[in-house]
Amino acid sequence: MVMVFYGSNGKSHPVSMENKVEHQTENQIAYDIHLPSDLGTLYKVRLGLQSLENNISLLFLCHFKIQNTSTLDTFSLTINKTLPLSPNGDRWIEFPIQWPLKEALSVVTYHLIVFSRNILNERNLVHMTACIYGTHGDTGDRSLLQSLQNVQQGEKNESFLVIVDAVDLGELEKIVLLISSKTDCKLDIKKLYVQEAVKQYPIYVYEVNEEFSVNANKPEIQREIPVSFVIRGEQQKNDIDNNLNKEGRQVKELTEYTIKVFTGDKRGAGTDANVHIILFGNEDKSEVFQLAHSLEHQNPFERGKVDTFKIKTKNVGTLRSIEIGHDGKGFASGWFLEKVEITDAARNSMHCFNCNRSVDQSIITLYMLFSF
């Protein structure tokens, strides 16, 4: 059994429940744990089973109590739940910590709907998790393929529902997918929807539109998917359905863009910050793409290096400009960008966007220098 503690300044690493202090009664065990002092005020705990292997038996949790040995502040909660929560299902429980005179967050049931083409056929060969991030923290890695509900399978498309219980995440920001397999397989994922079970809106939409190839050379793939847009009402949903519900047409109109990013060859040119890009054409603009997985380098945007990224998005027409920037995170986040070259697979054309300056602010706009 492990626990993860969330505070106002961050979260702890998984804390293994191994250091038993004493068995106070037959069914009560006390543990002595040490948390980083910089977590701030604790506001939630995630408690779960680290592994479901080795024929582990069900674990029934009655009561939880935590005490700060310095201040003697104490929090206790009656749980009365069994892990895992369902056969082959979620093995985590989250609950808020309510200290005296402080308002606790509520526990929310989230519906995560996965739209894909072939996951159901590959589900026994692959392990897939999702971690949902919001302004109030994250869910940790939750399994997507162990306990599926409301499965719908058509001739070309499929969808299924995954239920995730978590302390209120606030405004949702991104999802990190982790896909692994011991055998060769391909997963074609189209998009993800997330919403609260008791609310019709908002619906957070994450456009993926990528085929993930897992093999011996790449047994594990991780992708960070930012929120593409948020549906906040019925009229907006109807407008989107009218324009985008023809899935066959939508997929055909997707275009692959190859993006080459040239980092300058001078002292301090590289960056560890998270870089993102938006493409602008004469017909439309793309969603925001995080440039996180370079085809050449594990650590992209190093001094004097060229990093290549491939993205798929709607056809924006002839490229006119791009917005590129970073979040300023990491040590020495300033970045000297030389240029960006983008190849449009649909038009078999390459467009060059010159920069030759430091990118210190969050976003800069670059206009096309030349194309051929």
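Residues numbered from 1 in each chain as written. Predicted model: local features only at pLDDT ≥ 70, side-chain atom pairs only at ≥ 80, totals over all residues. Heavy atoms only, no water.

The protein chain has the name LOXH1 protein in an unreviewed UniProt entry, where Aegithalos caudatus is given as its organism.

Things to note about the overall build of the protein chain
Convention followed: Segments assigned H or I by DSSP are reported as helices when at least four residues long, segments assigned E as strands when at least two residues long, and all are numbered from the N terminus. Relative accessibility under 20% of the residue-type maximum defines a buried residue, over 50% an exposed one, and the middle range a partly exposed one, all with a 1.4 Å probe and only protein chains included. Only heavy atoms matter for contacts: two residues are in contact if any of them lie within 4.5 Å across the pair. Residue burial considers only the protein chains on display, and all accessible areas are found by Shrake-Rupley using a 1.4 Å probe.
A tally of regular secondary structure across the protein chain gives 3 helices and 28 strands. Within the protein chain, buried positions represent 44% of all 372 residues. Sequence-distant contacts in the protein chain: of pairs separated by 6 or more residues, those separated by 24 or more amount to 65%. Total accessible area on the protein chain is roughly 20400 Å²; 45% of this is exposed by carbon and sulfur atoms.

What about the sheet that holds strand β15 (residues 158-167)?
Threshold: Criterion used throughout: strands pair if DSSP finds at least two bridges between them. Angular values range over 0 to 180 degrees, each being the angle between N-to-C directions of two axes fitted as lines to C-alpha atoms, with helices fitted over their stretch in contact.
As summarised here, the arrangement of the 6 strands in space is β14-β15-β10-β17-β18-β20, forming an open sheet in which the pairing is antiparallel. The sheet is open, and its two edges are formed by β14 (149-153) and β20 (229-231), each paired on a single side. Looking at each pair of strands side by side, their axes are set apart by 30 degrees on average, direction ignored. Sheet topology note: the strand β10 (residues 107-116)/strand β17 (residues 185-196) ladder contains 7 bridges and is antiparallel. From the neighbouring strand, leucine 112 faces β17, where its bridge partner is valine 194.

Remarks on the packing of aromatic side chains
To describe a pair of aromatic rings, one takes the distance between the centres and the angle between the planes. Note the cut-off: Two rings from Phe, Tyr or Trp (for Trp, the six-membered ring) form a pair when their centres are within 6.5 Å of each other. A pair whose planes differ by under 30 degrees is stacked, one over 60 is edge-to-face, and the rest are tilted. Placement of a charge over a ring requires the Lys NZ or Arg CZ to be within 6 Å of the ring centre, with the centre-to-atom vector within 35 degrees of the ring normal.
In the structure shown here, the tally under the stated rule is 5 aromatic pairs. Relative to tryptophan 335, the ring of phenylalanine 301 lies with its centre 5.2 Å away and its plane at 65 degrees, an arrangement referred to as edge-to-face. Residue phenylalanine 301 is located in the loop between β23 (289-290) and β24 (306-314), and its partner tryptophan 335 is located in strand β26 (residues 335-344); the two are separated by 34 residues in the primary sequence. Neither residue differs from the other here; phenylalanine 301 and tryptophan 335 are each classed as buried. Within the aromatic cluster, the residues linked to one another by ring pairs are Phe301, Phe309 and Trp335. Lying across the ring of tyrosine 6, lysine 44 places its NZ or CZ 4.4 Å from the centre. Over the ring of phenylalanine 115 we find lysine 191; its NZ or CZ atom is 5.2 Å from the centre of that ring.

Points about unusual backbone geometry
Glycine aside, the phi torsion of most residues is negative, and most peptide linkages are trans. Put simply, tyrosine 201 and proline 202 share a cis peptide bond, and its omega is 5 degrees. Mapped onto the secondary structure, proline 202 falls in the loop between β17 and β18 (203-214). Positive phi values are uncommon outside glycine, yet asparagine 209 reaches one of about 50 degrees. A relative accessible area of 15% places asparagine 209 in the buried class.

Description of the pairing of β10
Working note: regular strand, side chains alternate between the two faces of the sheet. Across 10 bridges, the pairing between β10 and β15 is antiparallel. Along β15, the bridge assignment pairs leucine 112 with valine 162.

Quick word on a nonpolar patch on the surface
Convention followed: What goes into a patch is any residue over 30% in relative accessible area without a salt bridge, connected to like charges within 9 Å or, for nonpolar side chains (Val, Leu, Ile, Met, Phe, Trp, Tyr), within 5 Å. Whenever a carboxyl oxygen of Asp or Glu lies within 4 Å of a side-chain nitrogen of Lys or Arg, that contact is scored as a salt bridge.
Where nonpolar side chains cluster on the molecular surface, the patch consists of Leu369, Phe370 and Phe372 and spans about 340 Å² of accessible area. Phenylalanine 372 gets classed as exposed once you look at its relative accessible area, which sits at 62%.

Notes on the sheet that holds strand β25 (residues 319-326)
Spatially, β23-β22-β25-β28-β27-β26-β21-β24 is the arrangement adopted by the 8 strands of the open sheet, whose pairing is antiparallel. The open sheet terminates on both sides in strands that have one partner only, identified here as β23 and β24. Sheet topology places strand β22 (residues 275-281) next to β25; 7 bridges connect them, and they run antiparallel. By the bridge assignment for β25, histidine 276 is matched with glycine 325.

Brief notes about the pattern of salt bridges
Following the criterion strictly, the structure yields 15 salt bridges and no others. For arginine 117, the salt bridge identified is with aspartate 188, shortest N-O distance 3.8 Å. Residue arginine 117 is found in the loop between β10 and α1 (119-122), and its partner aspartate 188 is found in strand β17; the two are separated by 71 residues along the sequence. Lysine 339 is the salt-bridge partner of glutamate 341, the closest N and O atoms lying 3.1 Å from each other. Because the salt bridges share partners, they merge into one network encompassing Lys11, Lys44, Arg46, Glu94, Asp138 and Arg142.

Comments concerning the side chain of threonine 258
As a reminder of what qualifies: Two N or O atoms form a polar contact when they lie within 3.5 Å of each other; inside protein one atom must be a possible hydrogen donor and the other a possible acceptor, and for residues adjacent in sequence the pair counts only when both atoms belong to side chains.
Mapped onto the secondary structure, threonine 258 falls in strand β21 (residues 254-263). The class of threonine 258 is buried, set by a relative accessible area of 16%. Separated by 3.0 Å, the side chains of threonine 258 and lysine 310 make a polar contact. The contacts of threonine 258, once residues within four sequence positions are left out, are Thr308, Phe309, Lys310, Glu341, Ile342 and Thr343.

Details of the environment of valine 359
Here valine 359 shows up in strand β27 (residues 349-359). Each C-alpha atom of the pair valine 359 and alanine 269 lies 9.7 Å from the other, and the pair is 90 residues apart in sequence. Residue contacts for valine 359: discarding those within four places in its chain leaves Gly325, His326, Gly334, Trp335, Leu337 and Ile364.

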